[in-house]
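The chain contents come next:
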Amino acid sequence: METMNCMSGPCGIGTLGMSILTIAFLFDFIMKGIALWKAGNNKHKGWFIALFIINSIGILPLIYLFVIDKKKSDA
């Protein structure tokens, strides 16, 4: 019987997969923090709650930062 070696991360992901997951996690963490900070300062309660609850690998925070917050800055 062959045993699985999962020392490089969850079985089957490997080192490259773990690196990609780590980068995605850090990107999401940083973007979410910035977007939450700006949503709180701009008193956008709905966006703050959505950003806090929904995990989107940085997509929702980017939408907020580059679309919604940009509209406020231009006004």
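This text follows the structure it describes.
Residues numbered from 1 in each chain as written. Predicted model: local features only at pLDDT ≥ 70, side-chain atom pairs only at ≥ 80, totals over all residues. Heavy atoms only, no water.

Tallied over the full model, the rule gives 3 aromatic pairs. Taking 5.3 Å as the distance between ring centres and 50° as the angle between the ring planes, the aromatic pair formed by Trp-47 and Tyr-64 counts as tilted. Residue Trp-47 is located in helix H2 (residues 45–53), and its partner Tyr-64 is located in helix H3 (residues 59–74); the two are separated by 17 residues in the primary sequence. Trp-47 gets classed as partly exposed once you look at its relative accessible area, which sits at 25%. Classification of Tyr-64 by relative accessible area gives buried; the value is 0%. Summarising the aromatic geometry, the rings of Phe-48 and Phe-52 are spaced 6.4 Å apart at their centres and angled 5° between planes, so their arrangement reads as stacked. Of this pair, Phe-48 and Phe-52 are both found in helix H2, 4 residues apart, which corresponds to roughly one turn of the helix. Phe-52 sits in the exposed class, given a relative accessible area of 59%. (Phe/Tyr/Trp six-rings, centres within 6.5 Å; stacked < 30°, edge-to-face > 60°. Helix = DSSP H or I, 4+ residues; strand = E, 2+ residues; numbered from the N terminus. Buried < 20%, exposed > 50% of the residue type's maximum accessible area, 1.4 Å probe, protein only.)

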